[in-house]
Amino acid sequence: MLSSLLKGEITQEEYTSLNNINIRLVKMPFYLHGLIFKRREETLIAINKELPYEEAKITLLHEFAHFELHHLDEFIFEYKKENLEDEADKYVEFLLNN
């Protein structure tokens, strides 16, 4: 469904509504760009409000990728975290180039 968003077939609002995702711009340490987590039935995405627009946009796509790749459904050990970040980055890169 992320590919439909990137192709303009659906809007960001439709994507987030269909997936019960809530996005917030929040103050975060400079080294954090964004994060995603589940709370009850809702998925929350926090984006660092200090990021430039283009960087925030890529960060949001990265967090959507975590959602689509079902990373939130996995119990994440520290050694696995880096692999999940790489997987989300590669997924976004693939979608943007196809």
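Residues numbered from 1 in each chain as written. Predicted model: local features only at pLDDT ≥ 70, side-chain atom pairs only at ≥ 80, totals over all residues. Heavy atoms only, no water.

**Student:** Give me the lowdown on the pattern of salt bridges, citing residues and values where you can.
**Tutor:** Within this structure, the stated rule accounts for two salt bridges. Among the salt bridges present, the one from Glu42 reaches Arg39, with a minimum N-O distance of 3.3 Å. On the basis of relative accessible area, Arg39 is assigned to the partly exposed category, the value being 42%. Ionic pairing is found between Glu54 and Lys57, a salt bridge with its closest N-O pair at 3.7 Å. One end of the pair, Glu54, and the other, Lys57, are both in helix H3 (residues 53-68), three residues apart, so they sit about a helical turn from each other. (Salt bridge = Lys/Arg side-chain N within 4 Å of Asp/Glu carboxyl O. Buried < 20%, exposed > 50% of the residue type's maximum accessible area, 1.4 Å probe, protein only. Helix = DSSP H or I, 4+ residues; strand = E, 2+ residues; numbered from the N terminus.)

**Student:** Give me helix H2 (residues 12-19): which residues, what numbers.
**Tutor:** Restricting attention to buried positions, one finds in H2 the residues Tyr15, Thr16 and Asn19. Down the axis of H2, the smallest arc covering the buried residues is 90 degrees, so these residues share one side. Structural note: H2 exposes Glu13, Ser17 and Leu18 on the side pointing more than 90 degrees away from its buried face. Positive backbone phi, approximately 55 degrees, marks Asn20, located one or two places after H2. (Arc of directions from axis to C-beta.)

**Student:** Can you break down the sheet that holds strand E2 (residues 34-39) residue by residue, with the values?
**Tutor:** Taken in spatial order, the three strands of this open sheet run E1-E3-E2, and their pairing is mixed. Across the chains shown, the open sheet's two edge strands, defined by having one partner strand only, are strand E1 (21-26) and E2. Here the strands of the sheet are splayed against their neighbours by 20 degrees on average, with no regard to which way each runs. Sheet topology places E2 next to strand E3 (residues 42-48); six bridges connect them, and they run antiparallel. Of the residues in E3, the one forming a bridge with Gly34 is Ile47. Contacting E1, E2 and E3, H3 crosses the sheet at an angle of about 155 degrees to E3. (Pairing = 2+ DSSP bridges. Axes fitted to C-alpha atoms, helices over the stretch in contact; angles between N-to-C directions. Contact = heavy atoms within 4.5 Å.)

**Student:** I'd like a rundown of the confidence of the model for the protein chain, residues and numbers included.
**Tutor:** For the protein chain, the mean per-residue pLDDT works out to 90, and 91% of the residues sit at or above 70. Across the protein chain, the element-wise mean pLDDT spans from 82 in helix H4 (residues 78-96) up to 97 in E1. (pLDDT = per-residue confidence, 0-100.)

**Student:** Give a detailed account of the packing of H2 against H3, specifying residues and quantitative values.
**Tutor:** At a minimum axis distance of 13 Å, the contact between H2 and H3 shows a crossing angle of 30 degrees. Judged by the inter-axis angle, H2 sits roughly parallel to H3. Every pair of crossing elements has a handedness; the one defined by H2 and H3 is left-handed. In contact with Gln12, Tyr15, Thr16 and Asn19 of H2, H3 contributes Leu60, Phe64, Phe67 and Glu68. Looking at the contact of H2 with H3 residue by residue, the classes come out as four nonpolar, three polar and one charged. (Parallel < 35°, antiparallel > 145°, perpendicular 65-115°, else oblique. Left-handed = near helix turned anticlockwise from the far one by under 90°. Nonpolar A, V, L, I, M, F, W, Y, C, P; charged D, E, K, R; others polar.)

**Student:** For the nonpolar core, give the residues involved together with the corresponding values.
**Tutor:** Grouped together as the largest cluster of nonpolar side chains are 18 residues, with contacts concentrated most on Leu2, Leu5, Tyr15, Ile21, Ile45, Ile47 and Phe64. Among the elements of the structure, helix H1 (2-6), E3, H3 and H4 are those that each provide at least two residues to this core. Excluding its chain neighbours within four sequence positions, the residues that come into contact with Leu5 are Ile10, Thr11, Gln12, Tyr15 and Phe64. (Core = buried A, V, L, I, M, F, W, Y, C linked by side-chain atoms within 4.5 Å.)

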